[in-house]
Amino acid sequence: MADVTRPVSIFEQIRLVAGLRWRILRNSLRKKNNRLDLIGLIFAGVFSSVLIFGLCFAFYAGAYAFLSQGRLEWMALLFWGIFLFWQIFPVFVAGFGANFEFRTLLRFPLSLRAFYIIGLAYGFADFSALASVCWLLAMTAGATVAKPGVLPAMLLIVAVFMLLNVTLERLIGSWLERLLARRRTRELFLGLFVLSMISLNFLSPLMQRYGSSARPAFLRLLPYLAWFPPSLAGRALAAITRLQPARFLLSSAVLLIYLFLFSALLWRRFAAQYRGEELSETAAPARAAARSTAATDDGSDRLSLLSPPVAAIVRKEFRYLTRNGFAYLSLLMPPLLILVFSMNSAGWHLTAGGKGVSAEMFFPGMMAYLILILMAPAYNSFAYEGRGIQTYFAAPLLFRDVFLGKNLMLVSVLAVEIALSLAMLAWRVGLPSAHMLVATCAAIIFTIVGQLTIANWSSITFPRKMEFGQMRGQRQSGMAVLVAFGSQILMGGISAVILFTGNWTGNLWLPAEAFIFLAAAAVGGYFASLDALTRLAEEKKEVLIEALCR
Amino acid sequence: MPEMAIQTQKLTRKFGNLTAVDGVDLQVTAGQFFGFLGPNGAGKSTTIKILTGLLAPTSGSIELLGVDFDSNPVEVKRQIGVVPEGMGLFERLTGSEYLKFVGRMYGLDRATTQRRSEELLDFMQLADRPKTMIADYSHGMQKKLALAAAVIHGPRILFLDEPFEGVDALAAGALKALLARMTERGTTIFLTSHVLEIVERLCSHVAIIHKGRLVAQGSLEELRAGISGEAGSKTTLEEIFLSIVGQDGTERPQLEELSWLM
């Protein structure tokens, strides 16, 4: 008979899980790609640290100023800032909770209480949570320096506020995880998310135009915000500073009610997960239906000029594009961005009264911005292939066909996007002079084709698998991001210098001539690179297959 | 002399200090139904990946249908079909789209690709969900689709890595019949499986790899005779396998060591 194991304490379990995550990280560093990826992450970490510590100072100074100057109601603003960041930022960074799937721990003999506490502890491992905790501590320090007597109350409020935020964040994350378990729901959600992000760009021009009439309505809403946790935290602190214990107790009690409510709801969610909630998305077997032969016919071949493998890859890429909610929607962005920017800063639109950037500079500037956005995915162009990458290596073709197919699709998309954007520009701002138009068009060819060569190299050297319509754990390879960043700065810098040489030398057609030469060189270089990249793909195929078949 | 479908010489693959495949000399005659066996981690999947171009060997040579793989990879790949370990499917295509994609990648014309993909989907009982994406297929359905894609161009050698894993008994029966028919018509099938009964029933020839080395190769009769010392013996493949792989006495787990569990 097997021995019965002794119960393991919650802290021991958390220690074991932390150790597990550390070992996973340490072991992953045995691979060169993961080490390079870590370098990229360290760069990102340095930037993030600057943001966190910079804002720590701001929160410290804010809390100190509001308390020392007696502007106690303003403290709520600081709590609101942290609250919104803590709850909304995880959506921006595409993930709720750490990448490690803590539900896998359910196979072990955990009690529901232990499962709940570990789940909550994971919430503190998020970037948003870590940053928010730092800012809350900075606020506490600022408030204490201004009025040392508030320290005990501040500690209590901050502790409840932290617990409330992490509970709410886990609750939202857990509900979203359930709702987004099905692929279609996930993609729909992602589409709505992207659309809402695009819509945010219209806020500024709309505020310029309708801000004054919307203000009274917004002010009428303000009193209702007073009953939300950040306002309550601010009011509790103001009450204790003014020595109003009854108001402090009332605000703290409502804050605690929120905490208990969120905790009860999260307990219910975790209890469902603990019981083994099924989140599978595989379709149930369906009764066989009669097959329609005609319905599967592709019709005439519109890509007959291409070789069959390249045409097959272009067709497959097009299907993938139309089924990738994020990529599909990102195509809407360029013309929309031109609309937004032109409303904000350019040309003869109604709100700017004709005082904006000239079409002469707006056109190349916007084209550079569009290329920056649309070329970024090309640096990890196999991200969505998954296990299908094996087909490319098993099929009787050279990898140059794969690059050609994928690049052809991207260039077609870019051509359509640029044409749409150009039409939008002509409508909103007007077209630039002929020499600027020609120079910019040639510069577009130079920067796109030049980047394609680098992007192809990056895609096979630093591959990173990504999932369609998925938010959790979606992160580009750190090195691919650095390469993209570097080459975009290089191309953009070269293009900017050449564009300005026209003005400096007085020869307005000089940039156009230079860009035509560079574009021809880039096209030649692109085709010359294909064979070398094919050999490199053959050398790197194990890395590619391993990275994408996970 | 019979045509050789697969011939390797001193095929070796190292991962750092680990030699996953160690000087393997395989010889498979055209038209054979060849079973490639070995315990977990023996090097079966690594060998199949090398033979299909998914992994480069550290050293050694491969000839498929008399053509050197290293110098003519495209020509060789045109002649083979493969169901790799992860199945290699593009999950955002429908089954029909994927088969058409593969058909065109192998150079079939559109009409042939269209006709064959419809026939294969029908045969694999996948035709009733024309709009379902592969991501939404069950594991067994994906396996059947991967097999359909591997045969759409009529390969002369078919490499199958655990083809029956996750496939229901009904479909498995149909697949076995299909594979048997293909060998009758001259296709060479190179198959790995952990289910020895399947290998014993389907395969005419078997090779056993152990710790990266080829430890046995031949027809089932030859292997039986090698073990029992007499021709026509009734030794099962499992007995042959255990006898060869467990020869050094270290392979069989010793139950006595787990006395605390009993």
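Calculation rules
Throughout, a residue's number is its position along its own chain's written sequence, starting from 1. Naming scheme: in the order in which they are written, chains are lettered from A and ligands are numbered from 1. Per-residue local features are limited, in this predicted model, to residues with pLDDT of at least 70; the limit for side-chain atom pairs, both in listing and counting, is 80 or more; totals at the level of whole chains, interfaces and linings are taken over all residues. Strands are runs of DSSP state E lasting at least two residues, helices are runs of H or I lasting at least four, and both sets are numbered from the N terminus onward. For the exposure call, what matters is how many other C-beta atoms sit within 10 Å of a residue's own: 20 or more marks it buried, 12 or fewer exposed, and in between partly exposed, using C-beta atoms placed from the backbone. In this description, any two residues whose backbone-derived C-beta atoms lie within 7 Å of each other are considered to be in contact. Atoms considered for the radius of gyration are the C-alpha atoms alone. The globule rule reads 2.2 Å times the number of residues to the power 0.38. Any nonpolar core is a set of buried residues, restricted to Ala, Val, Leu, Ile, Met, Phe, Trp, Tyr and Cys, that join up through C-beta atoms within 7 Å. We treat two strands as partners when DSSP finds at least two bridges between them. For helices, the fitted axis covers only the stretch in contact; all axes are lines through C-alpha atoms, and the angles between them, taken along N-to-C directions, range from 0 to 180 degrees. For a helix, the expected span equals 1.5 Å multiplied by the residue count minus one. For every residue, the predictor states its confidence as a pLDDT score lying anywhere from 0 to 100. When an angle is under 35 degrees it counts as roughly parallel; over 145 it counts as roughly antiparallel; between 65 and 115 it counts as roughly perpendicular; any other value is oblique. In a left-handed crossing the near helix is turned counterclockwise from the far helix by less than a right angle, and in a right-handed crossing that turn is clockwise. Ten residues, namely Ala, Val, Leu, Ile, Met, Phe, Trp, Tyr, Cys and Pro, are considered nonpolar, four, namely Asp, Glu, Lys and Arg, are considered charged, and the remaining ones, Gly among them, are considered polar.

Engineer: Describe the overall build of chain A, with residues and values.
Structural biologist: Secondary structure summary: chain A contains 20 helices and zero strands in total. The buried share of chain A, reckoned over its 550 residues, is 36%. Put simply, of all contacts in chain A between residues at least 6 apart along the chain, 83% involve residues at least 24 apart.

Engineer: Before we move on, could you go through the overall build of chain B and cite the residues and values that matter?
Structural biologist: Helix and strand counts for chain B stand at nine helices and eleven strands. For a compact globule of 262 residues, the expected C-alpha radius of gyration is about 18 Å, and chain B comes in at 19 Å, within 12% of that figure. Principal-axis analysis of the C-alpha atoms places the extent of chain B at approximately 55 × 50 × 45 Å. The buried share of chain B, reckoned over its 262 residues, is 47%. Restricting the contact set of chain B to residue pairs at least 6 apart, pairs at least 24 apart contribute 67%.

Engineer: With reference to specific residues and values, describe the nonpolar core.
Structural biologist: If you look at the biggest cluster of nonpolar residues, it comprises 104 residues, and the most contacted ones within it are Tyr 98, Leu 145, Ala 148, Ala 149, Phe 159, Ile 189 and Phe 190 of chain B. In terms of residue count, helix α5 (residues 139-151) of chain B provides more of this core than any other element does, seven residues in total. Discounting chain neighbours no more than four positions away, the residues touching Tyr 98 of chain B are Leu 89, Phe 90, Leu 93, Ile 134, Leu 145 and Ala 149 of chain B. Counting 43 residues, the second-largest nonpolar core is a separate cluster that includes Ile 418, Leu 452, Ile 454 and Ala 514 of chain A.

Engineer: Give me the lowdown on the sheet that holds strand β7 (residues 80-83) of chain B, citing residues and values where you can.
Structural biologist: The pairing of strands in a sheet happens through backbone hydrogen bonds and is either parallel or antiparallel. Residues and elements named next belong to chain B. Strand order in the open sheet formed by six strands is β7-β8-β9-β4-β10-β11, and the pairing between neighbours is mixed. With partners counted over all chains shown, the strands left at the sheet margins are β7 and β11 (213-219), one partner each. Here the average twist between neighbouring strands, direction ignored, is 15 degrees. As judged from the four bridges shared by strand β4 (residues 33-37) and strand β10 (residues 205-210), these two strands associate in the parallel manner.

Engineer: Can you break down helix α10 (residues 245-274) of chain A residue by residue, with the values?
Structural biologist: Residue and element names in this part refer to chain A. Taking 1.5 Å per residue, 30 residues should reach 44 Å; α10 reaches 41 Å between its end C-alpha atoms and fits that length. Taken residue by residue, α10 has Phe 248, Ser 251, Ser 252, Leu 255, Phe 262, Leu 266, Phe 270 and Gln 273 as its buried positions. Considering only its buried residues, α10 is in contact with α4 (112-123), α6 (151-179) and α9 (229-241). Positive phi appears at Gly 276, one or two residues downstream of α10, with a value of about 100 degrees.

Engineer: Any chance you could break down the environment of Thr 241 of chain A for me, citing the residues and the numbers?
Structural biologist: Residues and elements named next belong to chain A. When you line up the elements, Thr 241 lands in helix α9. Along the primary structure Thr 241 and Phe 115 are separated by 126 residues, whereas in three dimensions their C-alpha atoms are 39 Å apart. For Thr 241, the residues in contact, after removing those within four places along its chain, are Leu 67, Leu 72, Lys 147 and Val 150.

Engineer: Lay out the pairing of strand β9 (residues 188-192) of chain B in plain terms, naming residues and giving numbers.
Structural biologist: It is a general feature of regular strands that their side chains alternate between the two faces of the sheet. Residue and element names in this part refer to chain B. For β9, the buried fraction is high: five of the five residues fall into the buried class. Neither face of β9 is left uncovered, since the one carrying Thr 188, Phe 190 and Thr 192 and the one carrying Ile 189 and Leu 191 both have all their residues buried. Examined bridge by bridge, β4 and β9 share four bridges and lie parallel to one another. The residue bridging Gly 35 from the neighbouring strand is Leu 191, located in β9.

Engineer: Can you tell me about the confidence of the model for chain B, naming the residues and giving the values?
Structural biologist: A low pLDDT score tells you not to read the predicted coordinates there in detail. With 94% of its residues at a pLDDT of 70 or more, chain B shows a mean pLDDT of 87. Scored by ipTM, the complex comes to 0.79, with pTM at 0.70.

Engineer: Would you mind going over unusual backbone geometry in detail, with residue names and values included?
Structural biologist: All names here are of chain B. In this structure, Gln 125 is a non-glycine residue whose phi angle is positive, near 55 degrees. Relative to the assigned elements, Gln 125 resides in the loop between α4 (110-123) and α5. Since 15 C-beta atoms lie within 10 Å of it, Gln 125 is described here as partly exposed. Even without being a glycine, Glu 162 presents a positive backbone phi close to 50 degrees. Here Glu 162 shows up in the loop between β8 (157-161) and α6 (169-184).

Engineer: Residues and numbers for the confidence of the model for chain A, please.
Structural biologist: Residues and elements named next belong to chain A. Mean pLDDT for chain A: 80, with 82% of residues reaching 70 or above. Looking at the elements of chain A, mean pLDDT is at its lowest for helix α12 (residues 325-330), recorded as 64, and at its highest for helix α19 (residues 510-539), recorded as 93. This model gives residues 283-297 a pLDDT under 50, and the stretch forms 15 contacts once residues within four places in sequence are excluded. This stretch, residues 347-355, has a pLDDT under 50; its non-local contacts, to residues over four places away or in other chains, come to 14 contacts.

Engineer: Please set out the packing of helix α18 (residues 478-505) of chain A against α19 of chain A residue by residue, giving values where relevant.
Structural biologist: All names here are of chain A. Viewed as axis vectors pointing N to C, α18 and α19 meet at an angle of 150 degrees, and their least axial separation amounts to 7 Å. Considering the angle they form, α18 stands roughly antiparallel to α19. The chirality of how α18 crosses α19 is right-handed. In this structure, α18 contributes Ile 498, Leu 499, Thr 501, Gly 502 and Thr 505 to the contact, and α19 contributes Leu 510, Pro 511, Ala 514 and Phe 515. Looking at the contact of α18 with α19 residue by residue, the class counts come to six nonpolar, three polar and no charged.

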